[in-house]
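Geometric and topological summary
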Amino acid sequence: MNKINKIKIIYSLTFFIFLILFYHLSDILTPFFLGILIAYLLNPFVDWLEEKNITRSLGTFFILLLFFLIILTFSLLIIPILLSQIVNFFNEFPEIIKEFNLQIKLLKNFIRNKVNFLNFDEFVGNISPNMTKPISNFLNNLITSSFALFSLISLILITPLV
């Protein structure tokens with residue numbers, strides 16, 4: 001094995017080790033990366049205020065204050081809408097399930113009329129329990145996404161303090 005191939009293998013292994021390390025440390029590193037991103041995006045505004053003879057610390061304070069006010073305003077506008085939609089979804093969910101069951105019954109009758117299965121009821125009976133898993137997966141994903149949204153909002157609010 002020549003020297004170039006050994007170097008490629010070492011670099012590849014190092015790269016994969018760092019990928020695995022970043023994957024496992026992503027919960028810890030995310031606030032820092034977001035803080036760096038926010039600082040990078042807000043820095044031109046602080047530079048502009050500094051050109052207008054405002055000290056950097058005072059400019060940073062005003063820019064962060066404006067940033068938090070924008071985030072707060074955005075949150076106060078979005079969260080009530082999001083909560084009302086979630087409440088409406090859970091209120092209408094039983095009706096959606098009833099409509100879904102009705103459509104399944106109609107499909108079942110249509111298939112029964114078009115195709116003659118010897119054990120059609122057994123076939124449909126095997127399908128019905130399998131429908132609960134996708135629905136429960138959907139609700140689980142919905143709850144997980146809600147936690148992720150909450151985590152993102154708290155991250156945006158806490159990151160500049162780190």
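These figures come from a predicted structure and were not determined experimentally. (Residues numbered from 1 in each chain as written. Predicted model: local features only at pLDDT ≥ 70, side-chain atom pairs only at ≥ 80, totals over all residues. Heavy atoms only, no water.)

Quick word on the overall build of the protein
Short version of the rule: Each helix is a run of DSSP H or I of at least 4 residues and each strand a run of E of at least 2, with the numbering of both proceeding from the N terminus. For every residue, the accessible area (1.4 Å probe, protein chains only) is compared with the maximum for its type, and the residue is labelled buried under 20%, exposed over 50%, or partly exposed between those bounds. Pairs of residues are marked as contacts when any of their non-hydrogen atoms sit within 4.5 Å.
If you tally the helices and strands in the protein, you get four helices and zero strands. Along the protein, from the amino end to the carboxyl end, the secondary structure elements read α-α-α-α. Looking at the protein as a whole, 9% of its 162 residues qualify as buried. Residue pairs in contact within the protein that sit at least 24 positions apart in sequence constitute 58% of those at least 6 positions apart.

Things to note about the environment of Phe62
Tracing the sequence through the fold places Phe62 in helix H3 (residues 56-114). For the pair Phe62 and Phe45, spaced 17 residues apart in sequence, the C-alpha separation works out to 9.9 Å.

Notes on the nonpolar core
Convention followed: Side-chain atoms within 4.5 Å are what join buried Ala, Val, Leu, Ile, Met, Phe, Trp, Tyr and Cys residues into a set we call a nonpolar core.
Counting residues in hydrophobic clusters, the biggest one holds seven residues: Ile38, Leu42, Val46, Leu49, Ile63, Phe67 and Ile71. Among the elements that line this core, the one with the most residues is helix H2 (residues 26-51), at four residues. If we skip the residues at most four places from it in the chain, Ile63 touches Leu42, Phe45, Val46 and Leu49.

A closer look at the pattern of salt bridges
The line we're drawing: The salt bridge definition used is simple: a Lys or Arg side-chain nitrogen within 4 Å of an Asp or Glu carboxyl oxygen.
Considering all chains together, one arrives at two salt bridges under this definition. Arg56 is the salt-bridge partner of Asp47, the closest N and O atoms lying 2.8 Å from each other. For Arg56, the salt bridge identified is with Glu50, shortest N-O distance 3.0 Å. Among the charged side chains, a salt-bridge network with shared partners connects Asp47, Glu50 and Arg56.

Quick word on the packing of aromatic side chains
Geometry of an aromatic ring pair is reported as the spacing of the ring centres plus the angle between the planes. Heads up, the rule is: Two rings belonging to Phe, Tyr or Trp (six-membered ring only in the last case) form a pair when the distance between their centres is within 6.5 Å. Interplanar angles under 30 degrees mark stacking, angles over 60 mark edge-to-face geometry, and anything in between is tilted.
Applying the stated criterion across every chain, the model contains six aromatic pairs. Here the aromatic cluster, defined as three or more aromatic residues joined through ring pairs, consists of Phe89, Phe90 and Phe93.

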